[in-house]
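# Structure assessment
This is what each chain is made of:
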Amino acid sequence: MTIWNELAGLDFSLTTVDANGIPTRALRAGTGEESVVFLHGTSGHLEAFARNIPAHAPLYQCHAIDMLGHGYTGKPDYPYEIPRYVEHLVDYLDAVGIQRAHLVGESLGGWVAAHLASELPERVLSLQLLAAGGTVANPAVMDRIKTSTTKAVRSNDIQLTRERLRLLMHDPADATEELVEVRHRIYHQPDFVANIHNLLSLQEMETRQRNLLRPDRLARIQAPTLVVWGHENPFGDVPEAKKMAEDIPGARLQLYPECGHWPQHEQAEQYNPLSLDFLAEASAKATAPA
């Protein structure tokens, strides 16, 4: 049981939080003064951060959540566009009493975190954008996400879920069988199946275009920002990461070789110390005299 092995020895709770009427699954650990909120990618779930929470919990209150329409969180029947995700995230922060948070977002999670930081800078202490989406609209990538996810959800063949998860990883071994089983069970909840078109709405060109993180929005981000990317990211090339970092004032860029779309998972031994150093620096800036 790899996920439980990763969390072994850690005091944590797995609970459901009422985020303004949306039941939201959350894994919470740690007792620090500041909070770190981990946000997964499209069709993902909080287990994406199983290799990261134990490293962060000794110093921070950690919250890994299933985002709107994902995992075991509520799935209202409307398209899940970025403002909806942001609203749900803010509702979660309010529900658990977090005024300002460090946001760590992978793929879709990074898209949502960056949008929130550009709209409500007073709620964000720092940003980590891990293979973050939202700056481009590539029809081939969008079709790959939509097709592979839909097939895995519509069929009970677990091999399709396995292939969908392996698509994220440079090394297929990182898509552990436990992760496959967790995702397969999530994919086949009746309400997940019924709302897959809402979850994949950002893979439609017209919808995606009106939700993009354009340079003028990225330029409004005030929070210290770290952009993390894998050289083998199947959903975006390195120039996309470099442009993202260039458009966000003062952003740092970290690239990992032999890494796909889950750098926090695939390169956890390298990523966790980097993240902790970055969080410490961001906290020091936030508390420094003006």
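Let us look at the structure shown here. All figures in this text were calculated on a predicted structure; none of them were measured in a lab. (Residues numbered from 1 in each chain as written. Predicted model: local features only at pLDDT ≥ 70, side-chain atom pairs only at ≥ 80, totals over all residues. Heavy atoms only, no water.)

## Quick notes on the overall build of the chain
Operational definition: For helices the rule is a DSSP run of H or I covering at least 4 residues; for strands it is a run of E covering at least 2, with both sets numbered from the N terminus onward. C-alpha atoms define the radius of gyration in this analysis, and the globule rule sets the expected value at 2.2 Å times the number of residues to the power 0.38. Per-residue accessibility, obtained with a 1.4 Å probe over protein chains only, is compared with the maximum for each type, and a residue is labelled buried under 20%, exposed over 50%, and partly exposed between these values. The criterion used for residue contact is that any of the two residues' heavy atoms lie within 4.5 Å. Asp and Glu are treated as the negative residues and Lys and Arg as the positive ones, with His and the ends of the chain left uncounted. For charged residues, the charge sits on one atom: NZ in Lys, CZ in Arg, CG in Asp, CD in Glu.
Along the backbone of the chain there are 14 helices and 8 strands. The C-alpha radius of gyration computed for the chain amounts to 17 Å, which stays within 12% of the reference 19 Å derived for 290 residues, consistent with globular compactness. For the chain, the spread of C-alpha atoms along the three principal axes comes to 55 × 40 × 40 Å. Burial analysis of the chain (290 residues in total) assigns 58% to the buried set. Long-range contacts, defined here as pairs at least 24 residues apart, represent 74% of the contacts in the chain between residues at least 6 apart. Of the charged side chains in the chain, 25 are positive and 37 negative; the average position of the first set lies 4 Å away from that of the second.

## With respect to the packing of helix H6 (residues 158–166) against helix H7 (residues 177–187)
Two numbers describe a pair of packed helices, the interaxial angle and the distance between the axes. Quick note on the threshold: Inter-axis angles, ranging from 0 to 180 degrees, are taken between N-to-C directions of lines fitted to C-alpha atoms, where helices are fitted over the stretch in contact. Put simply, a crossing is left-handed when the front helix is turned counterclockwise from the back one by less than a right angle, and right-handed when it is turned clockwise. Here the term charged refers only to Asp, Glu, Lys and Arg, the term nonpolar to Ala, Val, Leu, Ile, Met, Phe, Trp, Tyr, Cys and Pro, and the term polar to all other amino acids, Gly among them.
Here H6 crosses H7 at 115°, and the two axes come no closer than 9 Å. Read as a crossing pair, H6 and H7 show a hand that is right-handed. Touching Ile158, Thr161, Arg162, Arg164, Leu165 and Arg166 of H6 are Glu177, Leu179, Val180, Glu181, Arg183, His184 and Tyr187, all from H7. Residues of the contact of H6 with H7, tallied by class, amount to 5 nonpolar, 2 polar and 6 charged.

## Things to note about the packing of helix H3 (residues 82–96) against helix H4 (residues 108–119)
How we decide: With respect to orientation, any angle under 35 degrees is reported as roughly parallel, any angle over 145 as roughly antiparallel, any angle of 65 to 115 as roughly perpendicular, and every other angle as oblique.
For the pair H3 and H4, the least separation of the axes is 9 Å and the interaxial angle reads 75°. When the axis of H3 is compared with that of H4, the two are roughly perpendicular. Here Ile82, Tyr85, Val86, Leu89 and Val90 of H3 come into contact with H4, specifically with Leu108, Trp111, Val112, His115 and Leu116. Grouping the constituent residues of the contact of H3 with H4 by class yields 9 nonpolar, 1 polar and no charged.

## Quick word on the sheet that holds strand S3 (residues 35–39)
What counts is decided by this rule: We treat two strands as partners when DSSP finds at least two bridges between them.
The strand order S1-S2-S4-S3-S5-S6-S7-S8 describes an open sheet built from 8 strands, whose pairing is mixed. Strand pairing shows two members of the sheet lacking a second neighbour, strand S1 (12–19) and strand S8 (252–256), which therefore form its edges. Strand-to-strand twist of the sheet, defined as the mean angle between neighbouring strand axes without regard to direction, takes the value 20°. As paired elements, S1 and strand S2 (residues 22–29) share 8 bridges and run antiparallel to each other. Bridging from a neighbouring strand, Thr16 pairs with Arg25 of S2. Relative to S1, H3 is tilted by about 115°, and along the sheet it contacts S1, S2, S3, strand S4 (61–65) and strand S5 (101–106).

## Concerning the nonpolar core
Quick reminder of the rule: For the purposes of this section, nonpolar cores are sets of buried Ala, Val, Leu, Ile, Met, Phe, Trp, Tyr and Cys residues that join through side-chain atoms within 4.5 Å.
With 89 residues, the main nonpolar core has Ile53, Tyr85, Leu89 and Leu103 as its most contacted residues. Setting aside anything within four residues of it in sequence, one finds Tyr85 in contact with Met67, Leu68, His70, Tyr80, Leu108, Val112, Leu199 and Leu202.

## Here we look at the pattern of salt bridges
Formally: Salt-bridge detection follows one rule: a side-chain nitrogen of Lys or Arg within 4 Å of a carboxyl oxygen of Asp or Glu.
Under the criterion given, the structure shown has 12 salt bridges. For Asp94, the salt bridge goes to Arg123, with nearest N and O atoms at 2.9 Å. With Asp94 in helix H3 and Arg123 in the loop between H4 and strand S6 (124–130), this residue pair connects regions lying 29 residues apart in the sequence. Across the salt bridge formed by Glu177 and Arg162, the nearest N and O atoms sit 2.8 Å from each other. Pair noted here: Glu177 is in helix H7 and Arg162 is in helix H6, with a separation of 15 residues, a long-range link. Three or more residues joined by partner-sharing salt bridges are found here, namely Glu6, Arg51 and Asp174.

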